[in-house]
Amino acid sequence: YNILEDIKIKFIFYGKAVLMNRFLKFLLSLSTVAMTTILPIAANDGHEAVAAVLPAWSVIPFIGMLLSIAVIPLTHPHWWEKNMHVPAGIWSLVFIIPFAFAYGFSEAWFRFLESMLLDYVPFIVLLFGLFVAAGGIAVRGTLPGTPKVNMLILFIGTMLASWIGTTGAAMVMIRPLIRANKWRKKAAHVIVFFIFLVANIGGCLTPLGDPPLFMGFQRGVPFTWTFHLAPFLLLNMIILFAAFYFIDSHFCKKELAEGRSPMDELSESEKEPIRIEGLHNLIFIGMIIVGVIANGLLPKEFAFFADNAGIPVYDEIVFPYATIVEIIIILAAAFLSLKTTKESIHELNGFSHAPIIEVATLFLGIFITMIPALIFLKVHGAQLGIHDPWQLFWATGFLSSFLDNTPTYLVFLQTAGAIGSTTGIHTSVGTVSQIMLEAISAGAVFMGANTYIGNAPNFMVKSIAEENGIKMPSFFGYMGWSIAILIPTFIIDTIVFFL
C-alpha cells in the first residue's frame, strides 16, 4: 500500500511538473511570436527606439507576477511557502526571453543589468542592513496588548519612521507589538494598521524616511522641505488612530468576553519591567543612515564622485562609486550587528533570515517583470494629461501601490518639472511648484500602504507576523482593509489639501 501511495504521489507531482512545463513553453512561444511579429523595430536599435515602441501589453508578465502573489497563497499556501521562487522565475523568463528575441540579447542584457545593479541591488542591500541591525534591538518586558498599549507602540513606530526609515522602524517595533498581542486569538488588524502607519505613512517627514523622498533630495529638493508634509501626517494619524482605537477596542472586548486576558499566561514573578536590549545596534543603524546620505552628498561635494562616476559595467551602465560606498558601509554595519548582538536578543526577537529571503525572492521577480512598465511610464508619462495636484496625488499613489514607488516618484517629478512653473522648488528636473511636489511626495509615500507590494517593509512585516503564528489577510484581503480604511482617508487628504 505504501509503495502504491508513493507511486501515486510521484505521478501527481510529475503530472503537475509536465503541465507547468507545457504552460511555460506556451507563454514563452506566445510572447515571442507576438513580440517578433508585431513590433516594428529591428533588434539592437538604440535604447530610446526600443522604449518608444514598447507596447502597453508588454506589462503582462508583471501583471502575472502580481496575480501569482495574490492568488497562489490562497489556493496552494503550503506550496507557496516553499516554492515562491518558481512563479518569480517563470514570469521573469516570460518577459526576458521574448524581449531578447524581439530586441536582441544586447538590449535585454542592458535592461536586466540596469534594473538589477542600479535599482535592485541597492534596494535589497539597504533592506538587509536595516533588517539585521533593527533585529538586534529587543524590547524586553511585559507589554499587555491593550488598545492603549498598541496605540503607544504604533505612535512610537510612526515617529521613528522618518528618522531611521520605514524599514528600520518596522523592524524595531514589530516584534514587541507581536509579543504584546500574543494572548489574542486574532491580531491581524493590529499588524495591518502597523503597516499603514509605521511601514509607510510615518516615513514622510525626512528624506531618510522613504526612498522616493531621498531621490528627491538627490535631485535638489532641500533636506528639510519634507517638513511641509507634517500637516498631511498629522491629519492621517488622527484619522487612522481614531479608526484603530475603535476597531481594536471592539476586537479586544470580544477576546475578553471569550475568557482571554493579556496577563492570563503570566504569573506575578514572570512580569518584567520594560527595558531595551541591544541598543548598541543604534550605532549600526546610524552607519546605514550615513551610508544612504553619503550616496547623495558625495557626488555634490567631491569631484571624484561627480557626474555619475563609477565602474563601467556594460554599454551605458555605470555602477556609481557613491553607491559602492553606500553598499560597503551598509554591509559592514550588518556584519558588525550580527557579530556583536547576543544570541539571546535574536532568540527573543525570533530573528531569522526567512523574511528578508522572501522579500528578496519576490522583489527580484517584481523588479525584472516591471522593467517594461517603468519604460512605458517614462516614455508616455508626460502624455497622460496629468497637470492638477489632485491628479498627481492619485496617479503617483495608484502606481506606487503596485510598482516600486521610487521610480514612480521620479517619473512624476520629471512630469511636474516639465510643466514649466516659474515659482517653487528648483530641482535638477526643473522648477516644481510646492503643491505639486507635496502631491507627488504624499502619493508615493502614503499609498505604498495600499498593497503588500507597495513598499518592501509591508511584505517583511507580513512575513514576520505569519512566522509568529498570526494569520494575516491574503493579498486581496489586505486590499479590502486598505480600500475600507485608507482610500477614504486619502479622499479627505484630496479635499483638504489639493482642491
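Report follows, based on the coordinates.

Parameters at a glance
Throughout, a residue's number is its position along its own chain's written sequence, starting from 1. Local features in this predicted model are restricted to residues whose pLDDT is 70 or higher, and side-chain atom pairs enter the listing and the counts only when it is 80 or higher, whereas totals over whole chains, interfaces and linings include all residues. Hydrogen atoms and water are omitted, and side-chain values are computed over all heavy atoms in the structure. Secondary structure elements are defined from DSSP: runs of H or I of at least 4 residues count as helices, runs of E of at least 2 residues count as strands, and each element is numbered from the N terminus. Burial classification: accessible surface area is computed with a 1.4 Å probe over protein chains only, and a residue below 20% of its type maximum counts as buried, one above 50% as exposed, and the rest as partly exposed. In what follows, residue pairs with any heavy atoms lying within 4.5 Å of each other are defined as contacts. Using a 1.4 Å probe, the Shrake-Rupley method yields the accessible areas, and only the shown protein chains count as cover for residues. Any two strands with at least two DSSP-identified bridges between them are counted as paired. The rule is short: rings of Phe, Tyr and Trp, with Trp giving its six-membered ring, pair when the centres are within 6.5 Å, and they are stacked under 30 degrees, edge-to-face over 60, tilted in between. Patches here: salt-bridge-free residues with over 30% relative accessible area, like charges joined within 9 Å, nonpolar side chains (Val, Leu, Ile, Met, Phe, Trp, Tyr) joined within 5 Å. Take a side-chain nitrogen of Lys or Arg and a carboxyl oxygen of Asp or Glu: if they are within 4 Å of each other, that pair is a salt bridge. Convention adopted: a line fitted to C-alpha atoms gives each axis, helices being fitted over their contacting stretch, and angles between N-to-C directions are expressed from 0 to 180 degrees. An angle below 35 degrees is read as roughly parallel, one above 145 as roughly antiparallel, one from 65 to 115 as roughly perpendicular, and any other as oblique. Three classes are used: nonpolar for Ala, Val, Leu, Ile, Met, Phe, Trp, Tyr, Cys and Pro, charged for Asp, Glu, Lys and Arg, and polar for all others, with Gly counted as polar. Helices are assigned an expected span. That span is 1.5 Å times one less than the residue count. Take the far helix as the reference: if the near one is turned anticlockwise from it by less than a right angle, the crossing is left-handed, and if turned clockwise, right-handed. For this analysis, a nonpolar core means a set of buried residues of the types Ala, Val, Leu, Ile, Met, Phe, Trp, Tyr and Cys, connected via side-chain atoms within 4.5 Å. In protein, a polar contact requires one atom able to donate a hydrogen and another able to accept it; more generally it is a pair of N or O atoms within 3.5 Å, and residues adjacent in sequence count only if both atoms are side-chain atoms.

A tally of regular secondary structure across the chain gives 20 helices and 6 strands. Here the chain, with 499 residues, has 54% of them falling under the buried criterion. Here the contacts in the chain between residues at least 6 apart in sequence split such that 79% fall between residues at least 24 apart. For the chain, the exposed area adds up to about 22,000 Å²; of that, 69% sits on carbon and sulfur atoms.

Within the secondary structure layout, Ser337 lies in helix H12 (residues 321-340). Leave out the neighbours within four places in its chain, and Ser337 touches Val132, Ala133, Asn281 and Phe284.

Moving on: the pairing of strand S4 (residues 317-320). Across 4 bridges, the pairing between strand S3 (residues 310-314) and S4 is antiparallel. Its bridge partner being in S4, Ile311 is matched across the sheet by Phe319. Joining the antiparallel neighbours S3 and S4 is a turn of 2 residues, in which Asp315 adopts a positive phi near 55 degrees.

In this section: the packing of aromatic side chains. This structure, assessed with the given rule, holds 27 aromatic pairs. Centroid distance Phe123 to Phe367: 4.9 Å. Interplanar angle 40 degrees. Geometry classified as tilted. Residue Phe123 is located in helix H6 (residues 105-135), and its partner Phe367 is located in helix H14 (residues 354-369); the two are separated by 244 residues in the primary sequence. Comparing Phe123 with Phe367 shows no difference in burial state: the two are buried.

A surface patch of nonpolar side chains, about 580 Å² in accessible area, is lined by Trp390, Ile491, Ile492, Ile495, Val496 and Leu499. Sorting elements by how many residues they give to the nonpolar patch places helix H20 (residues 475-498) first, with 4 residues. Structurally, Ile495 can be placed in helix H20.

Attention now moves to the packing of helix H11 (residues 281-301) against H12. Contact geometry for H11 and H12: axes closest at 8 Å, N-to-C directions at 175 degrees. It follows that H11 is roughly antiparallel to H12 by the angle criterion. Listed contacts from H12 to Asn281, Phe284, Met287, Ile288, Gly291, Val292, Asn295, Leu298 and Pro299 of H11 are Ala322, Thr323, Val325, Glu326, Ile329, Ile330, Ala332, Ala333, Leu336, Ser337 and Thr340. Considered class by class, the residues forming the contact of H11 with H12 number 13 nonpolar, 6 polar and 1 charged.

It is worth spelling out the pattern of salt bridges at this point. Using the criterion set out here, one finds 5 salt bridges in the structure. With a shortest N-O distance of 2.8 Å, Glu107 and Arg111 are connected by a salt bridge. Separated by 4 residues within a single helix, Glu107 and Arg111 lie in helix H6, roughly one turn from each other. Neither residue differs from the other here; Glu107 and Arg111 are each classed as buried. Residue Arg111 is classed as buried on the basis of its relative accessible area of 9%. Here the residues in one salt-bridge network are Glu107, Arg111 and Glu114, joined through shared partners.

With 13 residues, helix H17 (residues 405-417) ought to run about 18 Å at 1.5 Å a step, and its terminal C-alpha atoms sit 18 Å apart, in line with that. Counting buried positions over the 13 residues of H17 gives 11, a clear majority of the element.

With that settled, the discussion passes to unusual backbone geometry. Even without being glycine, Asp307 reaches a positive phi, approximately 55 degrees. Looking at the element boundaries, Asp307 is found in the loop between H11 and S3. Note on Asp307: relative accessible area 78%, which makes it exposed. Positive phi, close to 60 degrees, is recorded for Asn308, a residue that is not glycine.

On to the side chain of His189. With respect to the helices, strands and loops of the structure, His189 is situated in helix H8 (residues 188-197). Among the residues examined, His189 registers a relative accessible area of 3% and is labelled buried. Not counting the four nearest positions on each side in its chain, His189 is found in contact with Arg184, Phe244, Ile247, Asp248, Phe251 and Trp481.

This brings us to the packing of helix H3 (residues 60-75) against H14. For the pair H3 and H14, interaxial distance at closest approach is 8 Å and the crossing angle is 155 degrees. Between H3 and H14, the crossing angle belongs to the class labelled roughly antiparallel. The handedness of the crossing between H3 and H14 is left-handed. On H14, the residues touching Pro61, Phe62, Met65 and Ile69 of H3 are Leu362, Gly365, Ile366 and Thr369.

Another aspect to go through is the nonpolar core. With 148 residues, the main nonpolar core has Ile69, Leu154, Ile191, Phe194, Phe196, Phe363 and Met472 as its most contacted residues. In terms of residue count, H6 provides more of this core than any other element does, 16 residues in total. Those residues in contact with Phe196 that lie beyond four places of it in its chain are Ile201, Leu240, Ala449, Tyr478, Trp481, Ser482, Ile485 and Leu486.

Here helix H16 (residues 389-400) spans 16 Å end to end across 12 residues, near enough to the 16 Å set by a 1.5 Å rise per residue. What H16 keeps buried is the set Pro389, Leu392, Phe393, Ala395, Thr396, Gly397 and Ser400. In the core, the buried residues of H16 are packed alongside H17, helix H18 (434-446) and H20.

For the rest of this paragraph, the subject is the environment of Thr451. For Thr451, the location among the structural elements is in the loop between H18 and helix H19 (456-467). Taking the C-alpha atoms as reference, Thr451 lies 9.5 Å from Gly480; in sequence the two are 29 residues apart. Among residues more than four places away in sequence, those in contact with Thr451 are Ser401, Phe402, Asn458, Phe475, Tyr478 and Met479.

In this section: the environment of Trp91. Relative to the assigned elements, Trp91 resides in helix H5 (residues 85-103). By relative accessible area, which is 13% here, Trp91 ends up buried. Residues Trp91 and Leu66, 25 residues apart in the sequence, show an inter-C-alpha distance of 9.9 Å. A polar contact is formed between the side chain of Trp91 and the backbone oxygen of Gly64, at a distance of 3.3 Å.

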